[in-house]
Amino acid sequence: MRATVLALPGNAPLAARLVLDLPARMGRLEVRRFPDGETYVRIGSPVAGRPVVIAATLDRPDEKLIALSLAAATARELGATAVGLVAPYLPYLRQDRRFRSGEALSAKHFARLLSGVVDWVVTVDPHLHRVPDLGGLYAIPAESVTAASRIAQWVREHVQAPVLVGPDEESRQWVGRVADEVGAPVVTLLKRRLGDREVCIELPDLAPYRGRTPVLVDDIVSTGRTLIEAARGLAKLGLASPWCIAVHGIFAGGAYGRLQAAGMAGVVTCNTVRHPSNAIEVHDLLTPAAAHRLAEAAATSGGESW
Ligand code: R5P
């Protein structure tokens, strides 16, 4: 039985891609607010006896979680055999440790919450740091794909003589892969986070790279402070204006404008979160992972194979 794809508001291009690549058809999902701010959800297509795939990138997750939960629960009540989530951006991964006493381990608790809402999830480059994989957090099958090859391709096509720069140690996993594929040198900087909007970045000696164009690669740009501080450090060392590439462009509170004003060569993101900076297509990378999850779900429920 073909799957039904339901798109949360703003996710129509992702849903269209899923329908194109999977044995699936587009379903109708209505989501709106009641005047008091509560969420109204209605599934307007048949879902009984078939799997449902919800397309919902989860930046600004607090605004979206209720709609997602109501859509998934309703799909199940209406007879869907399984409900999967394709979320190019998966949030709540940074707080994987209690840095100060009493803090919520939100990575763990959000994962538990979402594991109760859908049967599987696929995503792009989740921000995993101290937890090695999503299986360490999620109680449901959780699969990730990486945008590294696509970023490498973009760099090869747009930047001559690049040096790949990771703004912090965590970025090594992404920037290292990109540098390998580009065949360019890579350096990682040392970041200390002083607060939500304040970071301090130490740079090694970069004199050997002065003739190259720096390309900063990070998984997430949120306030933009990390990339702005890294760019400032590169300028002090006499390097050219850097390109900034992020997998997930969250751009909290005017961050895009601040980055553009900071003298970058350009700011480029993958299309995991819709934004004018999207220049790297990754939706199609998610469809094999979604197809795999649909096949597994069908096999465990004894349903038709994919
Ligand atoms: C965290 O370490 C991530 O990899 C990013 O570096 C971080 O989320 C960027 O945040 P911001 O743009 O607020 O500096």
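The rules behind these values
- Residues numbered from 1 in each chain as written.
- Predicted model: local features only at pLDDT ≥ 70, side-chain atom pairs only at ≥ 80, totals over all residues.
- Heavy atoms only, no water.
- Pairing = 2+ DSSP bridges.
- Helix = DSSP H or I, 4+ residues; strand = E, 2+ residues; numbered from the N terminus.
- Axes fitted to C-alpha atoms, helices over the stretch in contact; angles between N-to-C directions.
- Contact = heavy atoms within 4.5 Å.
- Polar contact = N/O pair within 3.5 Å; in protein donor to acceptor, adjacent residues only side chain to side chain.
- Phe/Tyr/Trp six-rings, centres within 6.5 Å; stacked < 30°, edge-to-face > 60°.
- Buried < 20%, exposed > 50% of the residue type's maximum accessible area, 1.4 Å probe, protein only.
- Parallel < 35°, antiparallel > 145°, perpendicular 65-115°, else oblique.
- Left-handed = near helix turned anticlockwise from the far one by under 90°.
- Nonpolar A, V, L, I, M, F, W, Y, C, P; charged D, E, K, R; others polar.
- Near = heavy atom within 4 Å.
- Areas by Shrake-Rupley, 256 points an atom, 1.4 Å probe, with all protein chains shown as cover.
- Salt bridge = Lys/Arg side-chain N within 4 Å of Asp/Glu carboxyl O.

**Student:** Explain the sheet that holds strand β6 (residues 83-86) residue by residue, including any values.
**Tutor:** With parallel pairing, six strands are arranged side by side in an open sheet as β2-β1-β5-β6-β7-β8. Unpaired on one side and paired on the other, β2 (24-26) and β8 (142-145) mark the two borders of the sheet. Along the sheet, successive strands turn relative to each other by an average axial angle of 25°, direction set aside. As paired strands, strand β1 (residues 3-7) and β2 are joined by three bridges and run parallel to one another. Across the sheet, the residue bridging to Ala3 is Ala24, located in β2. Against the sheet, helix α8 (residues 283-300) contacts β1, β5 (52-55), β6, β7 (120-124) and β8, and its axis sits at roughly 165° relative to β7.

**Student:** How would you explain the side chain of Asp59 if you had to name every residue and give the values?
**Tutor:** By the secondary structure assignment, Asp59 is in the loop between β5 and α2 (61-77). There is a polar contact of 3.3 Å between the side chain of Asp59 and the side chain of Arg60. Reaching out from Asp59, the side chain makes a polar contact with the side chain of Lys64 at a distance of 2.8 Å. Ignoring any residue separated from it by four or fewer positions in sequence, one finds Asp59 in contact with Lys64, Tyr89, Ile250 and Val273.

**Student:** Would you mind going over the packing of aromatic side chains in detail, with residue names and values included?
**Tutor:** Aromatic rings considered in pairs are described by the distance between their centres and by the relative angle of their planes. Taken as a whole and assessed by the stated rule, the structure comprises four aromatic pairs. Taking 5.7 Å as the distance between ring centres and 90° as the angle between the ring planes, the aromatic pair formed by Phe34 and Tyr40 counts as edge-to-face. On the basis of relative accessible area, Phe34 is assigned to the partly exposed category, the value being 34%.

**Student:** Lay out the packing of helix α1 (residues 12-21) against α8 in plain terms, naming residues and giving numbers.
**Tutor:** Contact pair α1 / α8: the axes reach a minimum separation of 9 Å and the direction vectors enclose 50°. Taken together, the axes of α1 and α8 lie oblique to each other. The crossing of α1 and α8 is right-handed. On the side of α1, the interface is formed by Pro13, Leu14, Arg17, Leu18 and Asp21, while α8 contributes His283, Asp284, Leu286 and Thr287. Residues that form the contact of α1 with α8 fall into these classes: four nonpolar, two polar and three charged.

**Student:** Residues and numbers for the site of the ligand, please.
**Tutor:** Close contacts around the ligand come from 14 residues, with Asp218, Asp219, Thr223, Gly224 and Thr226 the closest. Within the backbone of Ser222, one N or O atom sits 2.8 Å away from an oxygen atom of the ligand. Thr223 places a polar side-chain atom, nitrogen or oxygen, 2.6 Å from an oxygen atom of the ligand. Protein burial of the ligand: of its 370 Å² of free accessible surface, 95% is covered by the chains. For the shell around the ligand, the secondary structure elements donating two or more residues are β11 (190-195), β13 (213-221) and α6 (225-236). A total of four residues in the shell around the ligand trace back to one element, the largest contributor, which is β13. Grouping the constituent residues of the shell around the ligand by class yields two nonpolar, five polar and seven charged.

**Student:** Account for the environment of Ala73, with residues named and values stated.
**Tutor:** Locating Ala73 in the fold gives a position in helix α2. Expressed as a C-alpha distance, the spacing of Ala73 and Ile43, which sit 30 residues apart in the sequence, is 11 Å.

**Student:** So what's going on with the pattern of salt bridges? Which residues, and what values?
**Tutor:** This structure, assessed with the given rule, holds 13 salt bridges. Between Arg130 and Asp96 there is a salt bridge, and its shortest N-O distance comes to 2.7 Å. Of this pair, Arg130 sits in the loop between β7 and β8 while Asp96 sits in the loop between β6 and α3 (106-115), and the two are 34 residues apart along the sequence. By relative accessible area, Asp96 is classed as buried at 16%. Here Arg172 and Glu169 are joined by a salt bridge, their closest N and O atoms 3.8 Å apart. Exposure remark for Arg172: the relative accessible area of 46% places this residue in the partly exposed category. Taken together, the shared-partner salt bridges connect Asp59, Arg60 and Lys64 into one network.

Nothing here speaks to function; it is all geometry.
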